[in-house]
Amino acid sequence: MTKKITIDPITRLEGHGKIEIFLDDEGNVKNAYLQVPELRGFEQFCVGRPVEELARITPRICGVCPTAHHMCSTKTNDAVYHVKPTETALKIRRLIYDAFMAEDHLLHFFFLGGPDFVVGPDAPPAERNILGVIGKVGLEIGKQVINSRRKLREIVTTLGGKIIHPVCGLPGGVSRGITEEERQEFLKTAKETVEFSKFALKVFNDIVLKNDTYLDLIVGDIFKHQTYYMGLVDENNKVDLYDGKIRVVDPNGKEFVKFEAKDYLDHIVEHVEPWSYIKFPYLKNIGWKGFVDGIDSGVYRVAPLARLNASDGMKTPLAQAEYEKMYATLGGKPAHNTLAFHWARLIEVMYVSEELVQLLEDKSITNPDIRNLPTETPSEGVGVIEAPRGTLFHHYKTDKNGMVTNVNLIVATVNNSAAISMSIAKAAKGLINKGKVDDGLLNMVEMAFRSYDPCLACATHSLPGKMPLIVNLRDNNQDIVQSIRRD
Amino acid sequence: MKTLVLGLGNTILTDDGVGIKVAQKIKEKCKNIDISEASAAGFRVIDEIIGYDKLILIDSIKTGKAEPGKLHKFTFEEFKKTRHHAQPHDISLFEAFEIIKQHGDKLPSEIEIYAVEVSDTSTLSETCTMKVEAAIPKISQKIIDEQSLFK
């Protein structure tokens, strides 16, 4: 008899995204996975539209990382139109992207993932929220987080056209340049962000790393998985979020493959399970061996820690120093500790802040050459970018008039879907014994998936009403035999 | 009194965008009203509402207990219990308000929350389902009347 436990924490009244835990006859965890809703009809929705419109439509898929979709779509449009953006356009795109990444990562650390650490994994649920974080770090710091994010968002708004859904990317360039006045203003923000990144890393150091309980959680076995790692790197194999080649390292840290975006289908295949809408991508040249760790399993991970694992270092000095410190603490590279995703996220904030300063100190960013007009006939293109939550692929085909005939996306969280399931199963295994569910289950399972910061519903925004966390133990008739609820 | 009508939702997900459509309809009739729209929630929209005296929020909702197209009304107090942040990417509106309040920014002292009962929020389409689409003119008129927006 298979029993099923459902944890249904992920938002909204209708309950998007569920965690399903299957028990065996003994009442122990057999398997677990993250169930996501299917967005129906994406392909049909896009087909027949001008391909440039996808840069406006795809960000709507996700209220969380619209800038990532916009930039990826813009890059894919470059490829479809066979046009290279101008130097200045590339700098501006990178500037917008770095500001977005810093803002998004800071939001995650302090407000979203932060409650698990800053307030503490054992804290009562009522305190494990942003108000709890502010209570712990102090109101002044809460204000700094808000101010810092606001200024970064101003960069995205000014250059992107709209804050939540930027509209600036065009095939071959961007729609708007940057003035000298703006450059000076943004440079101030960039420098402040560097300082704030130092502070965020200090918070992590003081509150998390100096606390043995937290440190044990990070370095301990419960959230550890030996998988392949994927991320974009530049020509020196340094982490790059906007451009480069996709590098994959094996669980021992050895380069397995490095490829260009256009060849992604030679390296990634999507495994399908009958019980989930979500697909489970794996490395084609290793093969699907199930939801298992190890060098023989094609499961790979993306997102901050994966990017750092897949690289040889960071491009900027302060981020590089933090990179070295992290690996020294975690016992070398690659690090398999899922909770270190949070740490890697902060190192990336440091990197993008430093890069923002570099970009803005260079006056050439105000040059007027912001676009190369496409002259070729559009056909097909693949774009890739490192979204906050991992590698994001867009692939479009068009007719000769640039009307979309075919679309394929692999979004960041989907790359991690197999690993997320594995992490949830691992966390649950220690806490469910013969059908008895330990009270700590919800916290630990939440921590496991929150590390990946998964994008689930990716789109709908119905009212933030009651958001209970529910665990249902179900028998094989789907009848609830036990229900644990947290409002 | 400076009033903002904020439509929330996603206009490419069938009924999910109804809040934005209602807000746009209100703007057609009441040119002097500020409207804003966002496909996001909580912290990602909070910057939009700073500086206003009154906020009228329009969103979609799926209670499953009413006919699609029915207009619900809530008080801000009713959302205070959503303290647990289960959504991994964002915080609740209540949390966002608290934070901004602590930050010292001016927030609307009056908040009205409307939500339209919807049925389909997972099919990609720019058109709402029939009953919801049909209800938009009436709903926008009702909100205009109730809130005396047409001045």
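Whatever comes next refers back to the structure up there.
Position labels on residues start from 1 in each chain and follow its written sequence. Throughout, the order in which chains and ligands are written sets their labels, letters from A for the former and numbers from 1 for the latter. Local features in this predicted model are restricted to residues of pLDDT 70 or higher, and side-chain atom pairs are both shown and tallied only at a pLDDT of 80 or more, whereas totals for entire chains, interfaces and linings draw on every residue. No hydrogens and no water enter the side-chain calculation; it runs on all heavy atoms of the structure.

1. Brief notes about the overall build of chain A
When helices and strands are tallied, chain A shows 15 helices and 18 strands. In what follows, residue pairs with any heavy atoms lying within 4.5 Å of each other are defined as contacts. Considering only intrachain contacts with a sequence separation of at least 6, the fraction spanning at least 24 residues in chain A is 67%. Every helix listed is a DSSP run of H or I at least four residues long, and every strand listed is a run of E at least two residues long, numbered separately from the N terminus.

2. Focus on the environment of Ala99 of chain A
All names here are of chain A. You can see Ala99 is positioned in helix H4 (residues 87–112). With relative accessibility at 0%, the residue Ala99 sits in the buried group. When the C-alpha atoms of Ala99 and Lys151 are compared, they prove to be 9.1 Å apart, with 52 residues separating the residues in sequence. Residues within four places of Ala99 in sequence aside, it is in contact with Leu152, Ile155, Val156 and Leu356. Buried means the residue's accessible area, taken with a 1.4 Å probe over protein chains only, is under 20% of the maximum for its type, while exposed means over 50%, and partly exposed covers the values in between.

3. Quick look at the environment of Val174 of chain A
Residue and element names in this part refer to chain A. Along the chain, Val174 turns up in strand S5 (residues 173–174). C-alpha of Val174 to C-alpha of Thr74: the two residues are 100 residues apart in sequence and 9.0 Å apart in space. Setting aside anything within four residues of it in sequence, one finds Val174 in contact with Ala89, Ile92, Arg93, Cys168, Ile370 and Arg371.

4. Digging into unusual backbone geometry
Across the junction of Lys333 of chain A and Pro334 of chain A, the peptide omega takes the value -5 degrees, indicating a cis bond. Position of Pro334 of chain A among the secondary structure elements: in the loop between helix H11 (317–330) and helix H12 (341–361). For Asn237 of chain A, which is not a glycine, the phi torsion comes out positive at approximately 65 degrees. Note that Asn237 of chain A resides in the loop between strand S6 (228–233) and strand S7 (245–249). Positive phi, close to 50 degrees, is recorded for Thr14 of chain B, a residue that is not glycine. The buried category is assigned to Thr14 of chain B, whose relative accessible area is 5%.

5. Observations regarding the packing of helix H7 (residues 139–160) of chain A against helix H8 (residues 180–209) of chain A
All names here are of chain A. All axes here are fitted lines through C-alpha atoms, helices being fitted over the stretch that makes contact, and every angle between N-to-C directions spans 0 to 180 degrees. Their axes nearest at 10 Å, the elements H7 and H8 cross at an angle of 145 degrees. H7 and H8 meet at a crossing whose hand is left-handed. Contacts between H7 and H8 involve Ile141, Gln144, Val145, Ser148, Lys151, Leu152, Ile155, Thr158 and Leu159 from the former and Glu182, Phe186, Thr189, Glu192, Thr193, Phe196 and Phe199 from the latter. When the residues that make up the contact of H7 with H8 are grouped by side-chain class, the tally is eight nonpolar, five polar and three charged. With the far helix as reference, a near helix turned anticlockwise by less than a right angle produces a left-handed crossing, and one turned clockwise produces a right-handed crossing. Three classes are used: nonpolar for Ala, Val, Leu, Ile, Met, Phe, Trp, Tyr, Cys and Pro, charged for Asp, Glu, Lys and Arg, and polar for all others, with Gly counted as polar.

6. Focus: helix H4 (residues 130–146) of chain B
All names here are of chain B. Working rule for helices: expected span equals 1.5 Å times residues minus one. Taking 1.5 Å per residue, 17 residues should reach 24 Å; H4 reaches 25 Å between its end C-alpha atoms and fits that length. Buried within H4 we find Val132, Ala135, Ile136, Ile139, Ser140, Ile143 and Ile144. Check the buried side of H4 and you find it contacts helix H1 (18–29), strand S3 (54–61), strand S4 (71–74) and strand S5 (110–117). After H4 finishes, the residue Ser148 shows a positive phi value of roughly 45 degrees.

7. Description of the sheet that holds S4 of chain B
Residues and elements named next belong to chain B. For two strands to be treated as a pair, DSSP must find no fewer than two bridges joining them. Strands sit in the order S2-S1-S3-S5-S4 across an open sheet of five strands; the sheet is mixed. The open sheet is flanked by strand S2 (34–38) and S4, the only strands paired with a single partner. The mean inter-strand angle of the sheet, taken between neighbouring strand axes irrespective of direction, is 20 degrees. Across five bridges, the pairing between strand S1 (residues 3–8) and S2 is parallel.

8. Digging into the side chain of Asn237 of chain A
For Asn237 of chain A, a relative accessible area of 11% translates into the label buried. Other than its neighbours up to four places away in sequence, Asn237 of chain A contacts Arg247, Glu255, Lys258, Ser311, Asp312 and Gly313 of chain A.

9. Description of the nonpolar core
Take the buried Ala, Val, Leu, Ile, Met, Phe, Trp, Tyr and Cys residues and link them wherever side-chain atoms come within 4.5 Å; each set so joined is a nonpolar core. With 167 residues, the main nonpolar core has Leu95, Tyr97, Met230, Leu308, Met326 and Ile347 of chain A as its most contacted residues. Of the residues forming this core, the biggest block, 14 residues, is contributed by H4 of chain A. What Tyr97 of chain A contacts, discounting residues up to four positions off in sequence, is Thr67, Ala68, Met71, Leu241, Ile385, Glu386, Ala387 and Pro388 of chain A. Ranked by size, the runner-up nonpolar core spans 21 residues in total, among them Val5, Ile33, Val132 and Ile136 of chain B.

10. A closer look at the pairing of strand S10 (residues 280–283) of chain A
All names here are of chain A. The alternating pattern of S10 places Phe280 and Tyr282 and Pro281 and Leu283 on opposite faces, both of which are buried. Pairing of strand S9 (residues 268–271) with S10 involves four bridges; the strand directions are antiparallel. Of the residues in S10, the one forming a bridge with Val269 is Tyr282.

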